[in-house]
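What follows is each chain in one-letter form.
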Amino acid sequence: MQRGPQPADFADVRATNLAVVLRYVRGHAPCSRAEIAAATGLNKATVSSLVADLIERRLLRETGLTEHRIGRPATMLVLDGSPYAAIGIEVNADYLTAVAIDLAGQQVLSWRRSFAGLASSPAQAATAIAALGRRAVNRVLKEDRRVLGLTVGVPGLVSPDGVVIMAPNLGWRDVNLRDIVNRALGEPGFPVAVDNDANLAVLAESRYGAFAGSQNLIYLTGEVGIGAGIISDGRPLRGHRGFPGEIGHITIDPQGPPCACGRRGCLEAIAGITAIIARVLPEVAGDGDITDLQPEVDEVVRRARSNDPAALHALEEVGRALGQGVSILANLLDPEVVVLGGYFVPLAPWLLPPVEAELRARRIGPEEGGAQVVASILDHGAAATGGAATVLDHVDAGRLPRL
Ligand SMILES: [Zn+2]
């Protein structure tokens, strides 16, 4: 039997309309009920009822402000959302971050913890991730907020149902991280999701970064691995299986150093942070398992600042390799801006000039201009912030917290 389209039931229409009003206020607050009605095409009585519902759920609140136009003064509405928080966790080879934001996108928590990613088995790593998640949840609950959801960002290929298919820099294959974290949190009443770190970080960059709102933006993670998160024509590029942007594994030098993926001369084997440290600080090689590379990065910065010729030469070479990778992305996708994140941020003064030089040299039609390359203004934890932002997106799409 063929089934045609079914009429949407009343609850669906109501949820959709609540989401329409919520999204409008997110974009235009402070605003009045009359403005919402005029902009959305919903009638005024419907808007009043929807707003009353959203106020009851404490997603909106009335401000003391009123707008005086002709007729009655209008009470202005803003997002409330203070009773809620969304949590993002970012997994790197050498550290974990946790970020929580409220419904208006204000950060309410930001933690960084060192983490021996490569020395941990997937089960040990999942335990550490879940432990950090549990502490973040407890902190949020202690502040009398409800958790709307938790999303974990991982540097690897992640299936839509939260299985990490492969994460070379963590040594993981087929790890059902969503299930493990969900169980470790005691099957909480909120959704737990897992996604690729670069996919999440580019969302944070496009919302809270210096080029917020850009329709064509690429974010490069600058960690042990290098991944690209891509917003193209205003939409996150997800690909067929959710695995786009694996720029870290394009071949820069077939005779180059071995990569964790099993090949040779991949971009991240040359320009990933462990590769940079190995070049600039050869004496620290073999110091043991990777846990929080920040002190080594600080030392690289110190040597570059003091014009150490070996350090400057190494950063110039790394920058050229990075520029080759960036120019492939730029020629394929024509972005407005390519944002370098993670450990690339403190190294940007030395990496950006060679990256820009390569980009100019490889640009098709240089006289037409091209992509800018900049360092992120978001701190470590862009992927964690993006993870929390995806939770808010679900609310904006109509999955409202229950009363
Ligand atoms: Zn590789």
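Residues numbered from 1 in each chain as written. Predicted model: local features only at pLDDT ≥ 70, side-chain atom pairs only at ≥ 80, totals over all residues. Heavy atoms only, no water.

A look at the environment of E90
In step 1: Mapped onto the secondary structure, E90 falls in strand β3 (residues 84-91).
In step 2: Note on E90: relative accessible area 4%, which makes it buried.
In step 3: For the pair E90 and G386, spaced 296 residues apart in sequence, the C-alpha separation works out to 9.4 Å.
In step 4: With residues near it in sequence (within four places) discarded, E90 still touches Y95, L96, T97, G153, E223, G381, A382, A383 and A384.
In step 5: Looking at E90, its side chain comes within polar contact range of the main-chain nitrogen of A384, at 3.3 Å. (Helix = DSSP H or I, 4+ residues; strand = E, 2+ residues; numbered from the N terminus. Buried < 20%, exposed > 50% of the residue type's maximum accessible area, 1.4 Å probe, protein only. Contact = heavy atoms within 4.5 Å. Polar contact = N/O pair within 3.5 Å; in protein donor to acceptor, adjacent residues only side chain to side chain.)

What about the pairing of strand β10 (residues 192-196)?
In step 1: Among the five residues of β10, four are classified as buried, and the element is accordingly described as predominantly covered.
In step 2: Sheet topology note: the strand β6 (residues 146-154)/β10 ladder contains five bridges and is parallel. For V152, the partnering residue across the bridge sits in β10 and is V194. (Pairing = 2+ DSSP bridges.)

Structural notes on the pairing of β3
In step 1: Most of β3 sits inside the fold, with eight of its eight residues counted as buried.
In step 2: The alternating pattern of β3 places Y84, A86, G88 and E90 on one face and A85, I87, I89 and V91 on the opposite face, and all of these are buried.
In step 3: Sheet analysis places β3 next to β6, joined by seven bridges and oriented parallel. For G88, the partnering residue across the bridge sits in β6 and is T151.
In step 4: Strand direction decides the pairing type here: β3 and strand β4 (residues 95-101), joined by six bridges, are antiparallel. Each bridged residue has a counterpart across the sheet, and for G88 the counterpart in β4 is V99.
In step 5: Where β3 folds back on β4, the antiparallel hairpin that results is connected by three residues.

Side note on the coordination of the zinc ion
Reference geometry at the metal: tetrahedral coordination by four donors gives ideal angles of 109.5 degrees; octahedral coordination by six donors gives 90 or 180 degrees.
In step 1: Looking at the zinc ion, one finds its protein donor set to be H249 (ND1), C259 (SG), C261 (SG) and C266 (SG), positioned 2.0 to 2.3 Å from the metal centre.
In step 2: Coordination at the zinc ion is tetrahedral: its four donor atoms span angles of 106 to 122 degrees at the metal.
In step 3: Counting residues between consecutive donors of the zinc ion along the chain gives the motif H-x9-C-x1-C-x4-C. Taken together, the residues H249 in the loop between β13 (235-236) and α7 (267-271) and C261 in the loop between β13 and α7 connect sequence positions twelve residues apart. (Donors = N, O, S within 2.8 Å, 3.2 Å for Na, K, Ca; no water. Tetrahedral: all angles 85-135°; square planar, octahedral: opposite > 155°, others 65-115°.)

Remarks on the pattern of salt bridges
In step 1: According to the stated counting rule, one finds 15 salt bridges in the structure shown.
In step 2: Here R279 and E317 are joined by a salt bridge, their closest N and O atoms 2.4 Å apart. Of this pair, R279 sits in helix α8 (residues 273-280) while E317 sits in helix α10 (residues 309-333), and the two are 38 residues apart along the sequence.
In step 3: In this structure R279 comes out as partly exposed when scored by relative accessible area, which is 36%. (Salt bridge = Lys/Arg side-chain N within 4 Å of Asp/Glu carboxyl O.)

A word on helix α6 (residues 197-208)
In step 1: Under the 1.5 Å per step criterion, the end-to-end length of α6 is 16 Å for twelve residues, consistent within 8% with the ideal 16 Å.
In step 2: Burial analysis of α6 places ten of its twelve residues in the buried class, which makes it a mostly covered element.
In step 3: Here α6 has its buried residues at D197, A198, N199, L200, A201, V202, L203, A204, E205 and S206.
In step 4: The distance from a side-chain oxygen at the start of α6 to the backbone nitrogen of A198 is 2.9 Å, and the residue carrying that oxygen is N196. (Expected span 1.5 Å × (residues − 1).)

Remarks on unusual backbone geometry
In step 1: Residue P30 is bonded to the preceding A29 through a cis peptide linkage, with omega at -5 degrees.
In step 2: For P30, the position within the fold is in the loop between α1 (10-28) and α2 (33-40).
In step 3: A positive phi angle, near 50 degrees, is found at D174, a position not held by glycine.
In step 4: Residue classification places D174 among the exposed residues on the basis of a relative accessible area of 57%.
In step 5: Backbone geometry places D292, a non-glycine residue, at a positive phi of 40 degrees.
In step 6: With respect to the helices, strands and loops of the structure, D292 is situated in the loop between α8 and α9 (294-305).

A short note on the sheet that holds strand β5 (residues 107-114)
In step 1: Strand order across the open sheet formed by five strands is β5-β4-β3-β6-β10, with mixed pairing between neighbours. A strand with exactly one partner marks an edge of an open sheet, and here the two such strands are β5 and β10. Adjacent strand axes in the sheet meet at a mean angle of 15 degrees when their direction is disregarded.
In step 2: Bridge analysis of β4 against β5 gives seven bridges, and the strand direction is antiparallel. By the bridge assignment for β5, Y95 is matched with S114.
In step 3: Sitting on the sheet, helix α5 (residues 177-184) is in contact with β6 and β10, with an inclination near 145 degrees to β10.
In step 4: Strands in contact with α6 are β4, β6 and β10; relative to β10, the strand with the most contacts, it is inclined by about 95 degrees. (Axes fitted to C-alpha atoms, helices over the stretch in contact; angles between N-to-C directions.)

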